[in-house]
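# Working through the structure, step by step
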Amino acid sequence: MKDVLIVDDHPVIRGALRLICQNEGFTGVRDASGVADARALIKEKAPDLVILDLVMNGFDGMDLLVWIMTQFPECGVLVFTSQDAQHFCNRCISAGARGFVTKKSDLKELIKAIHALKSGYSYFPQMPVRLDFQQRTEQQTLESLSTRELSILRMLAMGMRGKDIAEALFLSPKTVSTYKTRLLEKLGLKTLVGLSDFAKRNHL
């Protein structure tokens, strides 16, 4: 692996990751702060590795991950995100990611993951297994949601309006409204405040 693309909307994080990648021997290190720029750079440069956040200014990194794996299946994607591994790691694996590291981890974990991917291996965290009854119930509910539903849940919890979500995900406002109603029903909630509390409780 020689070329890497860093996709994150935080300039400080992009700068830190750029230094790490340069120290790890990558000769072509580029970065993007959003999905549109990332797609353009991937089409143009076809990087060997993409280090990807899942949430960027309201845009959904899972959609970008699926697109990369569809268009550039040989590209290695390492997810580096603040999102909870308990809810997102398996989804990223299913979408084709080869590594997952949370931003709560020591940077040594990220470097280990980069080494693993460069050597042709994958790198995923061990998942916690001891959950109380409420956690188990909510975990099962979250696992029943589709990736699109989970994305919209997270965006609604961030306070985004339906119109903005529709624009970010290239959906119609009516479709987003349908998803919102479906989410409230699936989660047994009546208001967006309850939905936001649910998301915070589950570190979404």
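Residues numbered from 1 in each chain as written. Predicted model: local features only at pLDDT ≥ 70, side-chain atom pairs only at ≥ 80, totals over all residues. Heavy atoms only, no water.

Where an unreviewed UniProt entry is consulted, the chain appears under the name DNA-binding response regulator, with the organism given as Pseudomonas rhizophila.

Attention now moves to the environment of Gly-76. Residue placement: Gly-76 occurs in strand β6 (residues 76-81). Residues Gly-76 and Ser-122, 46 residues apart in the sequence, show an inter-C-alpha distance of 9.1 Å. Leave out the neighbours within four places in its chain, and Gly-76 touches Asp-48, Leu-49, Val-50, Arg-98 and Leu-117. (Helix = DSSP H or I, 4+ residues; strand = E, 2+ residues; numbered from the N terminus. Contact = heavy atoms within 4.5 Å.)

Here we take up the packing of aromatic side chains. This structure, assessed with the given rule, holds one aromatic pair. Here the basic side chain of Lys-118 rests over the ring of Phe-26, its NZ or CZ set 4.9 Å away from the ring centre. The ring of Tyr-179 carries the charged tip of Arg-182 above its face, separated from the ring centre by 5.0 Å. (Phe/Tyr/Trp six-rings, centres within 6.5 Å; stacked < 30°, edge-to-face > 60°. Lys NZ or Arg CZ within 6 Å of the ring centre and 35° of its normal.)

What follows is about the nonpolar core. Val-50, Leu-65, Ile-68, Val-77 and Leu-153 are the most contacted members of the largest nonpolar core, which totals 48 residues. In terms of residues, this core owes the most to one element, helix α3 (residues 61-71), which gives six residues. Core analysis: the second largest hydrophobic core is formed by 18 residues, Phe-26, Phe-80, Ala-116 and Tyr-123 among them. (Core = buried A, V, L, I, M, F, W, Y, C linked by side-chain atoms within 4.5 Å. Buried < 20%, exposed > 50% of the residue type's maximum accessible area, 1.4 Å probe, protein only.)

Below, the discussion takes up the pattern of salt bridges. Scanning all chains against the criterion turns up 10 salt bridges. The partner of Arg-14 in a salt bridge is Asp-31, and the shortest N-O contact between them spans 3.3 Å. Pair noted here: Arg-14 is in helix α1 (residues 11-23) and Asp-31 is in strand β2 (residues 28-32), with a separation of 17 residues, a long-range link. Under the relative-accessibility criterion, Asp-31 is labelled partly exposed at 27%. For the salt bridge of Asp-164 with Arg-161, the shortest nitrogen-to-oxygen distance reads 3.1 Å. Exposure remark for Arg-161: the relative accessible area of 54% places this residue in the exposed category. One network of salt bridges, with partners in common, ties together Asp-8, Asp-53 and Lys-103. (Salt bridge = Lys/Arg side-chain N within 4 Å of Asp/Glu carboxyl O.)

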